[in-house]
Amino acid sequence: MAEGVYTKLSEGLQKALDERGWSPTPVQIASQDDIADGLNRLVIAPTGSGKTMAAMLPLLDRCIRQDWKGMSILYITPLRALNRDVDRRLEEITASVGLSLGLRHGDTTQSERSRQVRSPPNVMITTPETFQLMFTGKNLRAMLTGVQAIVIDEIHDMAGGERGWQLSIGISRLEAMIGRKVQKIGLSATVGNPDAVAA
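What this report covers is the structure whose coordinates are included nearby.

How each quantity is defined
- Residues numbered from 1 in each chain as written.
- Predicted model: local features only at pLDDT ≥ 70, side-chain atom pairs only at ≥ 80, totals over all residues.
- Heavy atoms only, no water.
- Helix = DSSP H or I, 4+ residues; strand = E, 2+ residues; numbered from the N terminus.
- Buried < 20%, exposed > 50% of the residue type's maximum accessible area, 1.4 Å probe, protein only.
- Areas by Shrake-Rupley, 256 points an atom, 1.4 Å probe, with all protein chains shown as cover.
- Pairing = 2+ DSSP bridges.
- Axes fitted to C-alpha atoms, helices over the stretch in contact; angles between N-to-C directions.
- Core = buried A, V, L, I, M, F, W, Y, C linked by side-chain atoms within 4.5 Å.
- Contact = heavy atoms within 4.5 Å.
- Arc of directions from axis to C-beta.

Attention now goes to the overall build of the protein chain. On a plain count of helices and strands, the protein chain comes out with nine helices and six strands. Considering the protein chain as a whole, with its 199 residues, one finds that 49% of them fall into the buried category. In the form shown here, the protein chain has an accessible surface area of approximately 9,700 Å², with 50% of it arising from carbon and sulfur atoms.

Another point: the sheet that holds strand S3 (residues 101–104). Read from one edge of the open sheet, six strands run S1-S6-S5-S2-S4-S3, paired in parallel fashion. Of all strands in the sheet, those bounded by a partner on one side alone are strand S1 (41–44) and S3. Across the sheet, the axes of successive neighbouring strands diverge by a mean angle of 15°, strand direction being ignored. For strand S5 (residues 149–152) and strand S6 (residues 183–188), the ladder comprises four bridges, and the chain directions are parallel. By the bridge assignment for S6, Ile 152 is matched with Gly 186.

Glancing now at the nonpolar core. Residues Met 56 and Leu 59 are the most contacted members of the largest nonpolar core, which totals 31 residues. When residues of this core are traced back to their parent elements, those giving at least two are helix H1 (11–19), helix H2 (26–36), helix H3 (51–65), strand S2 (73–76), helix H4 (86–96), strand S4 (123–126), S5 and S6. Among the elements that make up this core, the one with the highest residue count is H3 (eight residues). With near-sequence residues (within four places) excluded, Met 56 lies in contact with Ile 73, Tyr 75, Leu 90, Val 123 and Val 151.

Taken together, the buried positions of H1 are Leu 13, Gln 14, Ala 16 and Leu 17. Down the axis of H1, the smallest arc covering the buried residues is 160°, so these residues share one side. Summarising the geometry of H1, the exposed residues directed more than 90 degrees from the buried face are Glu 11, Lys 15 and Glu 19. Gly 21 sits one or two residues past H1 and shows a positive phi near 65°.

This is how it looks when you write it as structure tokens:
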């Protein structure tokens, strides 16, 4: 890895990446500082370019450095995208630095849901629909109060449609409930109108 690149990553996280022979991609290098500084960003890059880690590595680093408690990072993705390796890749990295990851959607077992309530994961991968349902229960709303950042994968799949509006309302509802803004990062391989989607 080039000297000076990703200097903001904490020692434990950098060590975990080095042990896996990881080196940053151009989109990760280009977006790291802004995401690490807590800015809202729309990351547009081809499939396989490392968008997920571009968003998540700076967030995991902030989670460690700033000692974020409870469920602090929401990763929202369409259900079909869960069939990819998003959860497995992230789980390996989070576990290596002592953080936890959970997966919650319509097929999540009741025992796993209960375990998540008892011990909220630092990172929760979920769908737009399940995110909406999380406002309906007292314990789930309590979990949401710790959210610091939301990553929206495949944002082009939702922007401009009913799901996008529902997600936007859900995020606004979350911010109103916790009394502060959360960082928002959108990921996409293809966006025809980036300014509109970013807005």
